[in-house]
Structure formats: C-alpha cells, structure tokens
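Residue-level structural notes
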Amino acid sequence: MGPGPPAAAAGAPPQSLSLAARLSYAVGHFLNDLCASMWFTYLLLYLHSVRAYSSRGAGLLLLLGQVADGLCTPLVGYEADRAAGRCVRCGTVCVLLSFPFIFSPCLGCGAATPEWAALLYYGPFVVVFQFGWAATQIAHLSLIPELATSDHEKVELTALRYAFTVVANIAVYGAAWLLLHLQGSPSTEMARDVTDQLGVQDVQVFQNLSLLVIGVGAVFSLLFHLGTREGRRPPAEQPDEHSPLLAPATARPLLLWKHWLREPAFYQVGLLYMSTRLIVNLSQTYIAMYLTYSLNLPKKFIATIPLLMYVSGFCSSFLMKPVNRSIGRNLTYFAGLLAILAFAAWVALADRLGVAVYAAAVLLGVGCATILVTSLAMTADLIGPHTHSGAFVYGAMSFSDKVANGLAVMAIQSLYPCSLEICCRACMGFYRWVMVAATGGVGVAATLCLCSLFLWPIRLRSCESELRPTPMDQGLEGWAHSSPPH
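What counts as what
Residues numbered from 1 in each chain as written. Predicted model: local features only at pLDDT ≥ 70, side-chain atom pairs only at ≥ 80, totals over all residues. Heavy atoms only, no water. Helix = DSSP H or I, 4+ residues; strand = E, 2+ residues; numbered from the N terminus. Buried < 20%, exposed > 50% of the residue type's maximum accessible area, 1.4 Å probe, protein only. Contact = heavy atoms within 4.5 Å. Areas by Shrake-Rupley, 256 points an atom, 1.4 Å probe, with all protein chains shown as cover. Disulfide = S-S within 2.5 Å. Salt bridge = Lys/Arg side-chain N within 4 Å of Asp/Glu carboxyl O. Patch = residues over 30% accessible without salt bridge, like charges linked within 9 Å, V, L, I, M, F, W, Y side chains within 5 Å.

Things to note about the overall build of the protein
Within the protein, the regular secondary structure consists of 16 helices and 2 strands. Buried residues in the protein amount to 53% of all 486 residues. Look at the contacts in the protein between residues 6 or more apart in sequence, and 87% of them connect residues 24 or more apart. Carbon together with sulfur atoms contributes 68% to the accessible area of the protein, which is approximately 21000 Å² in total.

Spelled out as structure tokens, the structure:
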C-alpha cells in the first residue's frame with residue numbers, strides 16, 4: 001500500500017472514499033476469507049471423514065491453529081499500528097506458502113504411519129498459516145477507522161468487507177460442489193451409495209480445492225495492494241509560536257494500549273465480539289458434520305447448504321447500512337440474534353428437518369451476517385478517533401475469540417461418543433445438539449452482553465483524565481487555563 005494523499009487543509013471537511021477505493025479495500029481480505037471458509041467448514045470433516053484421523057486428533061490440530069492465531073494476534077496488532085501495509089504483505093505470503101499443504105496428503109506418510117506423526121507433520125504448516133492469517137486480518141481491520149470519515153462510512157466499509165467474505169464462501173462452496181459433481185456418477189446402486197459418503201476417494205477433491213483457493217485469492221490480494229492507499233497520519237509536532245492556536249476542544253488525548261485495559265467498554269464490546277465469533281465459527285465448523293451425520297444427507301449437501309447460508313447472508317449484508325441508520329446498532333444486532341435463536345429452536349425441536357433444512361439455513365445465514373457486521377461496526381465505534389491503537393483493540397478481541405473457539409472445538413471433540421468408528425448411532429444426535437449449543441447457547445450469552453450495552457452504551461469513561469497528553473495538549477495547557485470560557 002502506498003502513501004496516502006496530502007492532508008486536507010485545516011477546517012476542510014474530509015473527503016469520502018471513492019467507489020474504487022472502497023472496493024479495493026473490501027477485497028483485501030478475500031484470500032483470508034477463502035482459506036477461512038475451507039478451514040472452518042472442511043478441516044474437521046477432511047481429517048475425520050477423509051483422512052480417518054481420530055476425533056480428538058482432528059480437534060487438537062484445529063486447537064493448535066486457533067491458539068497459534070490467538071498468540072500471534074496481539075503481537076501483530078501492535079506491529080500493525082505502526083505499519084499495517086507491511087503486516088498485510090507478510091501475512092499474505094505466509095498464507096500462500098502454507099495453506100495448500102494442510103489439505104494435501106502427508107508427504108512420506110504411509111498406511112503404517114502413526115497418527116501422531118502425521119499430525120506432527122501438519123503442525124508447522126498450520127502455525128505458519130495462522131500467523132499469516134492473523135497478520136492480514138488485524139492489519140486489514142485496523143484500516144477501517146483510519147479510512148472511514150463517518151460512522152455510516154464505517155458501516156459501509158464493514159458491510160462491503162463482509163459482502164466479499166460472503167462471496168468468498170459462495171465461491172468455495174460452489175467450487176466444492178462442482179468438484180464433487182465432476183467425480184462422476186457410478187453405474188451401480190451400491191457404488192452410488194458408497195460415493196455419496198465422504199471417504200479416502202475425496203482426497204483429490206480437497207487438494208484441488210485448496211489450490212484453487214490460493215490461486216484466486218492471490219489475484220485479489222494483488223488488487224488490494226494496488227488500489228488501497230493507507231492514510232498517512234500527520235506527525236505530532238510542538239506548536240510554533242507564530243502558528244494559530246486551536247481551540248482546546250480539538251485537542252485529543254493519546255490512548256495507549258494500557259489505557260484500553262482500564263476501559264469497561266473495551267470488555268463489553270470484547271465479550272460481545274467473542275460471542276459473535278463463537279456463533280459464526282462454531283456453526284460454520286459443525287454444519288457439515290450435522291448435515292452428514294445427524295441428517296444423513298449425501299455429501300453434495302456439505303456444499304449446497306452452506307452455499308445457501310452465505311447467499312442469504314450476502315443479500316442481507318446490503319441492508320446493514322439503512323437498518324443501522326434506522327434502528328441503531330443494538331437493535332440491529334438483536335434482530336440478528338432473534339434469527340439465530342429461531343434456528344436453534346428449530347433444530348432442537350425437529351429430529352428430521354427434511355426440505356425445511358433450506359429455510360433453517362436461510363435463518364442461520366441472515367442471523368450470522370447481521371451480528372457479525374454489527375459487532376465489527378461496534379468495535380469501530382469503540383476505537384473512534386484513536387486509530388493509532390486500533391490494531392491493538394482488534395488484536396486483543398481476535399485473541400479472545402480464537403482461543404475461545406479453539407477450546408470450544410477441543411471440548412466438543414473430546415465429548416464425541418464414538419471412539420473406534422468414524423461414525424456410530426450415538427453421534428447422529430451428538431452433532432444436532434452441538435449445533436443447538438453453538439447457536440442457541442452462545443446466543444443467550446451474546447444477549448446478556450448486548451443487554452449491558454443497552455444499560456451502559458459504548459463510551460470511554462475512566463481513563464480520559466489519566467491519558468498522556470499529546471504535544472499539542474501540552475502547548476495549549478497554559479492558554480486553556482488563562483483564557484476565559486467562550
């Protein structure tokens with residue numbers, strides 16, 4: 001990313017981003033979104049059903065990735081506050097070099113290779129991928145408060161970013177459906193029954209899908225770097241005695257990372273963001289398992305149902321800006337929660353959904369899109385004008401969500417009832433209740449977090465008087481005390 005345009009003259013209203021600049025920013029996370037779609041939706045399914053690794057082994061590998069991501073995130077957030085562009089470039093290279101190996105057979109492994117050795121082989125690739133993913137995500141998110149000039153523009157950038165997230169998921173699920181379809185239809189009924197279920201014959205499908213993801217994502221990353229220019233913050237200077245003094249109200253205290261830790265609003269928004277990500281990530285992780293084992297649907301449904309979810313999410317993302325403007329952030333988030341809780345109740349009450357699985361997918365897709373876009377907008381509201389430490393805020397929140405997601409997945413995998421088989425009768429109901437807990441249970445926790453925001457709206461309260469003053473504050477201090485109020 002190149003340098004930004006010259007700063008506007010003092011007192012001039014800031015110019016809004018052009019359409020090309022908004023679209024260039026929106027595609028900057030496209031590679032991450034493509035990889036995340038495969039990671040959350042297909043990693044457990046690939047390791048458990050295709051590679052035949054144990055449930056705990058598959059969960060341990062996902063936990064390793066989430067913990068590595070979580071540990072890297074605060075460090076990346078600190079660095080991104082100083083050089084977001086460099087973090088995005090470094091992260092992109094790491095993702096491109098590591099991700100294809102995760103969905104490819106273990107090199108040098110054979111039938112006699114123990115599972116722990118195979119998982120040890122995948123470990124370094126998972127860690128490098130998650131570091132790169134975190135670097136790109138945090139640096140990209142931290143640009144929202146810096147590029148946007150108004151609250152509504154923040155929502156628009158967030159909605160556009162999520163719209164391309166949905167496009168990425170649609171692309172992955174559409175490509176997965178096409179690759180599964182191109183395997184061909186067997187001639188006999190017995191062979192058709194076998195190929196309708198996932199197995200070792202599908203290794204090539206996932207390998208080709210990962211290579212396709214990397215190729216398409218690299219193109220969009222290039223477009224982002226060519227079209228997005230990071231705004232250059234004017235350096236803080238001591239005021240010159242001949243320069244006109246600004247009104248004290250325009251001076252802004254410098255909010256450091258340690259001050260965020262003393263802000264109640266930081267924890268309010270952080271808990272809401274973590275709950276949101278748990279709902280979105282866990283539902284995405286286990287929807288394929290629910291469709292395959294609980295509903296016993298053919299394997300093409302692991303592409304078509306998530307595809308329908310994200311198409312509905314894509315459509316609803318365009319309504320985020322007018323809805324937020326009309327009813328506000330909190331009520332918009334609550335509307336999304338209602339859709340998710342309705343989905344959870346539907347799954348809990350119905351053993352077999354039948355064709356209603358399509359309607360349930362629409363509910364889940366719309367609800368997840370709504371709460372994710374709104375929670376990101378709330379985070380941008382929390383950061384406000386303090387863009388110099390915005391990446392730390394995103395990094396800290398992402399750390400909590402990654403670690404919580406990894407621990408939740410490991411806990412679920414440890415409770416898996418079938419220890420010797422890929423699937424048994426007990427696991428048919430298991431994944432059904434996993435979906436109920438991931439959406440309804442976490443949804444109730446998110447509702448409690450939202451209630452705290454109704455009672456205590458997002459506002460920096462406790463630290464303003466303790467913040468380190470900027471050089472402009474120091475230069476104005478004596479003048480402020482000696483001048484009469486206007």
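What to know about the state of the cysteines
For the structure on display, the rule yields 1 disulfide. One disulfide bridge connects C106 with C109, the sulfur atoms lying 1.9 Å from each other. The class for C106 is buried, based on a relative accessible area of 8%.

Concerning the pattern of salt bridges
Within this structure, the stated rule accounts for 3 salt bridges. Residues D202 and K299 are paired through a salt bridge, measuring 2.9 Å at the closest nitrogen-oxygen approach. Separated by 97 residues along the polypeptide, D202 in the loop between α7 (189–195) and α8 (203–227) and K299 in the loop between α10 (264–294) and α11 (301–317) bring together distant segments of the chain. Just as D202 is buried, K299 falls in that class too. In this structure, R329 and D381 form a salt bridge, with 2.7 Å as the shortest nitrogen-oxygen distance.

Quick look at the environment of L261
Note on placement: L261 falls in the loop between α9 (257–260) and α10. Separated by 135 residues in the primary sequence, L261 and A396 have C-alpha atoms spaced 9.9 Å apart. Residue contacts for L261: discarding those within four places in its chain leaves F266, Y267 and F392.

Here's the deal with a nonpolar patch on the surface
Together, I327, L331, F334, L338 and F454 give the surface a local cluster of nonpolar side chains, amounting to about 430 Å² of exposed area. Broken down by element, the nonpolar patch gets its largest block of residues, 4 residues, from helix α12 (residues 320–349). You can see F454 is positioned in helix α15 (residues 425–455). Since its relative accessible area comes to 41%, F454 is described here as partly exposed.

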